[in-house]
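A structural walkthrough
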Amino acid sequence: MAEREERIRYKRSRFATRLPASIFYTRAHFWIREVSPNLWRVGFTKFATRMLGELVEFEFKLDDSKAVRVGHSIGWIEGFKAVTDLFCVVDGLFERGNPALTEDVTLLGSDPYGAGWLYEARGKPEPNTVDVHTYIGILDATIDKMLESQGKS
Amino acid sequence: MKQTTLHNLHVSLGATMVPFAGYQMPVRYGSIKDEHHAVRTSAGLFDLGHMGRILITGNDRVPFLDKLVTNKVEGLETGAARYALMPNQEGNVLDDVIYYVFPELLLLVVNASNTDKILQWLQKNKGDLDAKIEDVTADWAMIALQGPNAIKITSPLTDLDLKTVKGYKAAGGTVLGIPCLVARTGYTGEDGFEFYFDANRAEFMFTSLLKAGKDLGLRACGLGARDTLRLEAGMPLYGHELDENTNPLEAGLQFAVQLDKNPFMGSEKLLKVQEDGPAKSLKGFFVEGRRIPRQGHEIFIAGQDTPCGVVSSGTHSPTLERALCMAYINGQHPEGTNFELGLGKKRVPLIPTKIPFYKRKRKKKKKKAVET
């Protein structure tokens, strides 16, 4: 994935990111990219890593079959303040976790759309994935809601 | 949900706000680690507007407070500050507090989560004594400037000679022209100050201090860094190391318990604990691997199925770059006992270590001239 792909600048309040234009997103702030036919690479969006804060450790927990289903927990990720479940966004078979994360878990935050991907799975991605433009709408609504709950518009 | 007077400023600085003890507080502005390192290497600025601040006045204020805390109040000079526990009749901890002695008044600083409880406790135990209790939490701002550069940042802004305000001392003066109680106290294990002043000036003070210290590396810090800093420094947090089922001797806070002063609330029980030995004791551990031990995780002796203790606080230490925790261990165990942390079905080896995990390097005191 050396070629430069189109990115869309996004900024709202104090959050800014450059969203790859050609990949899919989920409402739970994962991105999904088809790396070869039916093989999907999954990662956190920049917004997700911002919300999670610093990450220190993670583990994939799968049974021997490596079968995975959308919405099922496939492991956990540990931040400074809490442990969060990792929910799968692909129906099919778990292929592998990102080996680079074992060395350096901070890649998740420093290069979320590139070297900091989470895992790859074969099969079908969740049906409710959206394109970058719809995801931008989701980000707007999410950030506005957060600002509102903080009592500042 | 309450807000401190600095709420809008925190939001505009991009803070992640979380509920804490009934307040919306900044947990971090950016990265907790960066904020943590700023305090260890330069300086950090904290809004502590949630902490309870109580004024005690009246002619009997000193014997009144002396009766209710484990440390001495009688005989302290003006400007003295002390850390103490406020025990119940059982000798267990209602709160841990800091008090400052000023002419005509005592300033008592309590935990946000315990402010109402302590106000009621003070009223209940006042009896006929001439003591007036006033909650000034909302009227006074409290911010902390912590770190090795705190003195360099504050000195040009104050009329006080800060070299004379030594550790655990406080003085009245002005900072940025604002009348202020300046205390050399904190909760980070670093040198630094806590400022008490008119809440209406809080935003001006906070932004001006940030600006004044910017070139020296000062940054705004949230409760996330405050927690990792205090934990490295081995300082207890109410609700974690301290609660109403724990006495100060179990928590290893002997330094703040003066059993030889006049009898105080719970002192008989504490004398008995001292005689018999505590039922549990607070211990420090490093943890192998990157997993973070959390409050409530159980601790086992290797090869045993029944837990012998429980984690009270844990974190990944940004300074030491490893996971560590404080934990209560029941009973006594010989040196060399192999302790393990239970993480679900897994057991992770623990390495016993002394509390505090981190101690700042202090400048060596100048040697006294050799007598001839």
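Refer to the structure presented above.
Within any chain, residue numbers begin from 1 and follow the written order of that chain's sequence. To read the labels, note that chains go from A and ligands from 1, taken in the order they are written. It should be noted that, the model being predicted, local features are given only for residues of pLDDT at least 70 and side-chain atom pairs only at 80 or more, the latter also being counted only at that level, while totals for whole chains, interfaces and linings use all residues. Only hydrogens and water are removed before side-chain values are computed, so all heavy atoms of the structure are retained for them.

1. Focus: the overall build of chain A
The condition is simple: Helix and strand definitions here come from DSSP, where helices need a minimum of 4 consecutive H or I residues and strands a minimum of 2 consecutive E residues; each element is numbered from the N-terminal end. Throughout, radius of gyration means the C-alpha value; the globule benchmark is 2.2 Å times the number of residues raised to the power 0.38. For every residue, the accessible area (1.4 Å probe, protein chains only) is compared with the maximum for its type, and the residue is labelled buried under 20%, exposed over 50%, or partly exposed between those bounds. Values of accessible area rely on a 1.4 Å probe in the Shrake-Rupley scheme; residue burial ignores everything except the protein chains shown. Charge assignment: positive for Lys and Arg, negative for Asp and Glu; neither His nor the chain ends contribute. For this purpose, a charge sits on NZ of Lys, CZ of Arg, CG of Asp or CD of Glu.
Helix and strand content of chain A: four helices and eleven strands. The C-alpha atoms of chain A give a radius of gyration of 15 Å, which matches the 15 Å a tight globule of 153 residues would have. When each of the 153 residues of chain A is scored for burial, the buried share is 44%. When the accessible surface of chain A is totalled, it reaches about 8000 Å², and 50% of it is carbon and sulfur. Here chain A holds 21 positive side-chain charges and 22 negative ones, and the gap between their average locations is 7 Å.

2. Examining the interface of chain B and chain A
For the record, the criterion: It only takes one pair of heavy atoms within 4.5 Å for two residues to be counted as in contact. As used here, buried area is the combined drop in accessible area, with a 1.4 Å probe, of two parts when they are placed together. We count a salt bridge whenever a side-chain nitrogen from Lys or Arg sits within 4 Å of a carboxyl oxygen from Asp or Glu. Counted as a polar contact is a pair of N or O atoms within 3.5 Å, where, for protein atoms, one must be capable of donating a hydrogen and the other of accepting one, and residues adjacent in sequence contribute only when both atoms are in side chains.
Taken together, the contact pairs 26 residues of chain B with 23 residues of chain A. Summed over both partners, the interface of chain B with chain A buries about 2000 Å², with 45% contributed by carbon and sulfur atoms. Considering only the surface of chain B that becomes buried against chain A, Arg290, Arg291 and Arg294 of chain B emerge as the three largest contributors, covering 33% of it. Our count for the chain B to chain A interface comes out at five salt bridges. In this structure, Lys81 of chain A and Asp227 of chain B form a salt bridge, with 3.5 Å as the shortest nitrogen-oxygen distance. Taken together, chain B and chain A are joined by 18 residue pairs in polar contact (both at pLDDT 80 or more). Going through the elements one at a time, helix H1 (7-12), strand S3 (23-28), helix H2 (32-41), helix H7 (223-232) and strand S17 (309-317) of chain B are the ones with two or more residues in the side of chain B that touches chain A.

3. Remarks on the pairing of strand S8 (residues 105-110) of chain B
What counts is decided by this rule: Between any two strands, pairing holds if DSSP finds at least two bridges.
For S8 of chain B, the buried fraction is high: five of the six residues fall into the buried class. Joining the antiparallel neighbours strand S7 (residues 93-102) of chain B and S8 of chain B is a turn of two residues, in which Glu104 of chain B adopts a positive phi near 75 degrees.

4. A look at the packing of H2 of chain B against H7 of chain B
All names here are of chain B. Filter applied, for reference: Here the axes come from fitting lines to C-alpha atoms, over the contacting stretch only for helices, and the angles between their N-to-C directions go from 0 to 180 degrees. Convention used here: angles under 35 degrees read as roughly parallel, angles over 145 as roughly antiparallel, angles from 65 to 115 as roughly perpendicular, and any remaining angle as oblique. Here a crossing is taken to be left-handed if its near helix is turned anticlockwise relative to the far helix by less than a right angle, and right-handed if that turn runs clockwise. The nonpolar class holds Ala, Val, Leu, Ile, Met, Phe, Trp, Tyr, Cys and Pro. Asp, Glu, Lys and Arg form the charged class, and all remaining residues, Gly among them, are polar.
At a minimum axis separation of 8 Å, H2 and H7 run at an interaxial angle of 55 degrees. Between H2 and H7, the angle falls in the class oblique. Judged by the twist between their axes, the crossing of H2 over H7 is right-handed. Where H2 approaches H7, its residues Ile32, Glu35, His36, Val39 and Arg40 are matched on the opposing element by Gly224, Ala225, Thr228, Leu229 and Glu232. The residue makeup of the contact of H2 with H7, split by class, is four nonpolar, three polar and three charged.

5. A word on the sheet that holds strand S12 (residues 178-183) of chain B
Residues and elements named next belong to chain B. Here six strands make up an open sheet; going across it, the order is S11-S12-S13-S10-S4-S14 and the pairing mixed. The strands lining the two open edges of the sheet, one partner per strand, are strand S11 (170-175) and strand S14 (219-220). Direction of pairing for S12 relative to strand S13 (residues 192-198): antiparallel, over a ladder of four bridges. Pairing of Val182 across the sheet is with Phe195, part of S13.

6. A look at H2 of chain B
All names here are of chain B. Looking only at H2, the buried set comprises Ile32, Glu35, His36, Ala38, Val39 and Arg40. Along its buried surface, H2 packs onto S3, strand S4 (44-47), strand S10 (140-146), S14 and H7. Measuring from the side-chain oxygen of the N-cap residue of H2 to the backbone nitrogen of Lys33 gives 3.2 Å; that N-cap residue is Ser31.

7. So, a negative patch on the surface
Residue and element names in this part refer to chain B. Operational definition: What makes a patch is a set of residues exposed beyond 30% relative accessible area and free of salt bridges, joined within 9 Å when like-charged and within 5 Å when nonpolar (Val, Leu, Ile, Met, Phe, Trp, Tyr).
Judged by side-chain charge, Asp116, Glu134, Asp135, Asp139 and Asp198 come together as a negatively charged surface patch. Looking at the secondary structure, you find Asp116 in helix H4 (residues 115-124). Owing to a relative accessible area of 54%, Asp116 belongs among the exposed residues under this scheme.

These figures capture arrangement, not role.
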